[in-house]
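Architecture at a glance
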Amino acid sequence: MSERVERADVALMTEIATLYYVEGETQEAIANRLGISRVKAGRLLKRAHAEGIVDVRVRQHPAVSAELEQALIRRFGIKRALIALDHADPDVQRSGVASLVADHLSRELHDGSIVAVGMGRNVGAVADNVFEHGARKCSFVCAIGGSLRAGEYMNPDHICRRLAMKYGGDSETLYAPALVQNPALRDSMYENPTVRQTLDRARRADIAMIGVGDLSEDSNMVRMGWFTPQEIAEARLSGTVGDMMGYDFIDMHGRPSETPMQGRVIGLTITDLARIPDVVAIASENTKAAGILGALRTGVIDTLATSVTNAHTILRLDEATTSTAS
């Protein structure tokens, strides 16, 4: 097909998509209007999806999640709960949760805003789901160091850059490894002026986006080689149910867990997060309900972004375990 014909097809697909999705015309009316068959109109509409001309995003009606959101707000004292529809495909589920966070960011960000950015697939997916926005002179600052094994998609500096590109802001990298051998080395790194300057800026953030991890042998921390499956298993036996942003391991009641894995990651701590006005915890996987519950019970989470199934499970877990909390 020649370039001229391809351009003509693109123009026609765009016109059909506009008439169908924006003007509300039926496929039959569009076909009559453009002098083509209804079958061709439908075929070109489908092709418009495949070519990326049309981007359809299905949003959950507010009434569907309002009851769950209010239950979570009452139970945990958070400001907001962003509840995405369940989906069997984990990538689609992650995208659904991330799109709600992206919309939340687009509403809350303004010129001068600072966003502290964590690590992981759920945080990284937010940058991919920013679509409708205006340019903002805001800053995206790494709230945790980097890791070669994490790859570009999950590393906070790359996430910051993608977000800055989408919003027209700037990004700041934390020039430090995410994980070090022991707490003493971590404390020494905190004294480095470059590291201290970036973390101090992250501490002044208006919004923080963090992931919530689970303690499974398939967790990001194991895949990245941070901890061995044996270390993860031992941590679970000691009562650890998850982590916040790759460190600050917590038990079911939101208390710091006793594990040798603690204190080796360079980044913001729970104490730092408690001072940030809007800490957004993002977790789409249904394996993370216990970790999310522990994170909520720390009292530092302001906005929770997760799935319908997780929301129900968290509420049931909280009810079942409240009596065991000391």
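Residues numbered from 1 in each chain as written. Predicted model: local features only at pLDDT ≥ 70, side-chain atom pairs only at ≥ 80, totals over all residues. Heavy atoms only, no water.

Under the convention used in this document: UniProt positions are given in the numbering used here, feature names are shortened, and annotations may be inferred rather than shown by experiment.
By the naming in an unreviewed UniProt entry, the protein chain is DeoR family transcriptional regulator, taken from Chromohalobacter marismortui. The record in UniProt for the protein chain states the following under Sequence similarities (unreviewed entry): "Belongs to the SorC transcriptional regulatory family."

1. Looking at the overall build of the protein chain
The test is simple: Runs of E in the DSSP output that reach at least two residues are strands. Runs of H or I that reach at least four are helices, and both are numbered from the N terminus. Only heavy atoms matter for contacts: two residues are in contact if any of them lie within 4.5 Å across the pair. Each accessible area is a Shrake-Rupley estimate made with a 1.4 Å probe; only the visible protein chains count as cover when residues are assessed.
From N to C terminus, the protein chain includes 15 helices and nine strands. Across the protein chain, contacts joining residues at least 24 apart in sequence account for 73% of those joining residues at least 6 apart. Working note: accessible area of the protein chain is about 15,600 Å², and carbon and sulfur atoms make up 52% of it.

2. With respect to the nonpolar core
Rules: Side-chain atoms within 4.5 Å link the members of a nonpolar core, which is a set of buried Ala, Val, Leu, Ile, Met, Phe, Trp, Tyr and Cys residues. Exposure classes here rest on a 1.4 Å probe applied to the protein chains alone. A residue is buried below 20% of its type maximum, exposed above 50%, and partly exposed in between.
Counting residues in hydrophobic clusters, the biggest one holds 79 residues, and the most contacted among them are Leu72, Phe140, Leu163 and Met209. Filtering out sequence-adjacent residues up to four positions away, leucine 72 remains in contact with Gly77, Ile78, Ala81, Ile83, Leu304, Ala311, Ile314 and Leu315. Among the nonpolar cores identified, the runner-up in size contains 13 residues, and Leu19, Ala41, Leu45 and Val54 belong to it.

3. Concerning the pairing of strand S8 (residues 278-282)
Test applied: Two strands are counted as paired when DSSP detects at least two bridges linking them. Assignment of crossover handedness uses the view with strands pointing away from the viewer, where a clockwise path from the first strand over the helix to the second indicates a right-handed crossover.
Summarising burial for S8: five of the five residues are buried, a large majority. A two-sided burial pattern is seen for S8, the buried positions comprising Asp278, Val280 and Ile282 on one face and Val279 and Ala281 on the other. Both strand S5 (residues 207-214) and S8 contribute to a ladder of five bridges, which runs parallel. For glycine 211, the partnering residue across the bridge sits in S8 and is isoleucine 282. One ladder, built from three bridges, connects S8 with strand S9 (residues 303-307); its direction is parallel. Within S9, the position partnered with alanine 281 by the bridge is leucine 304. After leaving S8, the chain enters helix H14 (residues 289-297) and then returns to the sheet as S9, a path that is right-handed.

4. Focus on the confidence of the model for the protein chain
Short version of the rule: The pLDDT score gives, residue by residue, the confidence of the prediction method on a 0 to 100 scale.
A residue-level look at the protein chain finds 87% of positions with pLDDT of 70 or above and a mean pLDDT of 85. Counted against residues more than four places away or in other chains, residues 1-5, with its pLDDT under 50, gives two contacts.

5. With respect to H14
In terms of residue burial, H14 counts as a mostly covered element, since eight of its nine residues are buried. For H14, every residue scored as buried is listed here: Ala289, Gly291, Ile292, Leu293, Gly294, Ala295, Leu296 and Arg297. With its phi angle positive at about 85 degrees, glycine 299 sits one or two positions after the end of H14.

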